[in-house]
Amino acid sequence: MATKLRLPMVDLSSPDRLSTANSIRQACVDYGFFYLVNHGVDDQLLSSAFQQSAKFFTFPLNYKLSLSRKEYRGYTPLYSENLDPSSHSKGDAKESYYIGNLEDSSSVNLNQWPSQELLPDWRPTMESLIWKLLEAGRKLMSLIALSLNLDDDFFEKTALNKPAAFLRLLHYPGELGSYEELCGASAHSDYGMITLLVTDGVPGLQICKEKFKQPRVWEDVSHVEGAFIVNIGDLMERWTNCIYRSTLHRVIPTGKERYSMAFFLDPPSDCVVECFESCCSESSPPRFPPIRSGDYLNERFRLTYGSEKELKCSSN
């Protein structure tokens, strides 16, 4: 049975930015995960987004499949992906909906939207949520820069000038019949820079701090009302020379229906991810060669989702 884990708490509204940055550094070194409070995203907006998400997932499968994912935007049905290919399972027991970048005029039209007649408030609610999450993400990245002994506008200049930002709405069914041995989301680390996760309070999220050790030890992430759960992705782990950890996590079925919303904030495709000088030395040289963000992310997406075209939320 997994033990309960209480992650570190980070207050985005704290006036003591250096102290907050130090707290973020400790959390990223120890866990790769932390809670984010006072993030500036209104509870009513989050509640409306969950309501709109739930309404969409109740529609008949044929309608949802008419909005099937293209260019990494749209609907993915139950069991259509497996985030842990080594598990050899039927697929992950979740359905989801991707909404891509709203800032990039060259890609915003690639987004697919449910019928306005069926869901008149769906698009404006999701667009409002994405803008607010992006605002919170920018503030957080400024503090992460300070935590790495960088100028606080480092990421604003390099990674957030034309960010690749995706909102993913997720629905995990409560009853899985004969497939209850499956994970809702099998063990994986996130591919990009950072993820901001909002959940409806239903448990199921677990992390494994030592991803290369066997057997894996899983710990339950407790729900904190009003808090986002933030985790570091693989690109940030590369940037920091593995000082900040991209932690293995999964969602297990609990017998209860579960909804969550994950906001992935990544650099533009032409951003070169190269070890920060503050994260390497003669005794600890860079572990990874420089790589374009787009090259790295597209290869990871290809391995998981197949050969869809290159992400169009990039700066290209």
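Predicted, not measured: the structure shown is a model, and the values here were computed from it.

K.L.:
Can you walk me through the confidence of the model for the protein chain in this structure?
P.N.:
Parts of the model with low pLDDT should not have their predicted coordinates read in detail. A residue-level look at the protein chain finds 94% of positions with pLDDT of 70 or above and a mean pLDDT of 92. Here residues 309-316 is a poorly scored stretch, pLDDT under 50, and it has 32 contacts once near neighbours within four places are set aside; other chains count.

K.L.:
Hey, could you run me through the nonpolar core in this one?
P.N.:
Considering soluble globular proteins, one finds that nonpolar side chains tend to be buried as a cluster. By size, the foremost hydrophobic cluster in this structure holds 88 residues, and its most contacted members are Leu140, Ile144, Phe155, Leu167, Met193 and Met236. For Leu140, the residues in contact, after removing those within four places along its chain, are Leu12, Ile24, Phe34, Leu36, Ile194, Leu196 and Val230.

K.L.:
Whenever I open this one, the packing of aromatic side chains confuses me. Can you help?
P.N.:
Each aromatic ring pair is summarised here by two numbers: the centre-to-centre distance and the angle between the ring planes. Summed over the entire model, instances satisfying the criterion amount to 15 aromatic pairs. With a centroid separation of 4.9 Å and 80° between ring planes, the pair formed by Tyr72 and Phe301 is classed as edge-to-face. Within this pair, whereas Tyr72 is found in the loop between helix H3 (61-65) and strand E4 (74-76), its partner Phe301 is found in helix H7 (residues 293-305), the two being separated by 229 residues in sequence. Judged on exposure class, the residue Tyr72 and its partner Phe301 are both buried. Ring geometry for Trp113 against Trp122: centres 6.2 Å apart, planes inclined by 75°, an arrangement best described as edge-to-face. Exposure class is identical for Trp113 and Trp122. Each is buried. Among the aromatic residues, those joined into a ring-pair cluster are Phe56, Phe57, Phe59, Tyr63, Tyr75, Tyr97, Trp113 and Trp122. A cation over a ring is seen here: Lys90 above Tyr79, with NZ or CZ 4.9 Å from the ring centre.

K.L.:
Would you mind going over the pattern of salt bridges with me for this structure?
P.N.:
Oppositely charged side chains can pair when the atoms bearing their charge come close. Enumeration according to the criterion identifies 18 salt bridges in this entry. Its salt-bridge partner being Lys139, residue Glu135 comes within 3.7 Å of it at the nearest N-O pair. Note that Glu135 and Lys139 are positioned in helix H4 (residues 122-147) at a spacing of 4 residues, about one turn of the helix. For Glu135, a relative accessible area of 37% puts it in the partly exposed group. Take Lys139: its relative accessible area is 42%, and that puts it in the partly exposed class. One continuous salt-bridge network, built from bridges that share partners, spans Arg69, Glu81, Asp92, Lys94 and Arg168.

K.L.:
Sorry, what's going on with the sheet that holds strand E8 (residues 194-199) here?
P.N.:
By definition, the strands of a sheet pair up through backbone hydrogen bonds, in either a parallel or an antiparallel sense. Strand order in the open sheet formed by 8 strands is E2-E3-E11-E8-E13-E6-E5-E4, with mixed pairing between adjacent strands. Across the chains shown, the open sheet's two edge strands, defined by having one partner strand only, are strand E2 (9-11) and E4. The sheet shows a mean angle of 25° between the axes of neighbouring strands, direction not considered. As defined by bridge partners, strand E5 (residues 95-99) adjoins strand E6 (residues 164-172) across 5 bridges and the pair is classed as antiparallel. Considered in E6, the bridge of Ser96 is made with Leu170. Along the sheet, helix H1 (residues 17-30) makes contact with E2, strand E3 (33-37) and strand E11 (228-232), crossing E3 at roughly 150°. Running at roughly 110° to strand E13 (residues 258-266), helix H2 (residues 43-57) makes contact with E4, E5, E6, E8, E11 and E13 of the sheet.

Parameters at a glance
- Residues numbered from 1 in each chain as written.
- Predicted model: local features only at pLDDT ≥ 70, side-chain atom pairs only at ≥ 80, totals over all residues.
- Heavy atoms only, no water.
- pLDDT = per-residue confidence, 0-100.
- Contact = heavy atoms within 4.5 Å.
- Core = buried A, V, L, I, M, F, W, Y, C linked by side-chain atoms within 4.5 Å.
- Buried < 20%, exposed > 50% of the residue type's maximum accessible area, 1.4 Å probe, protein only.
- Phe/Tyr/Trp six-rings, centres within 6.5 Å; stacked < 30°, edge-to-face > 60°.
- Helix = DSSP H or I, 4+ residues; strand = E, 2+ residues; numbered from the N terminus.
- Lys NZ or Arg CZ within 6 Å of the ring centre and 35° of its normal.
- Salt bridge = Lys/Arg side-chain N within 4 Å of Asp/Glu carboxyl O.
- Pairing = 2+ DSSP bridges.
- Axes fitted to C-alpha atoms, helices over the stretch in contact; angles between N-to-C directions.

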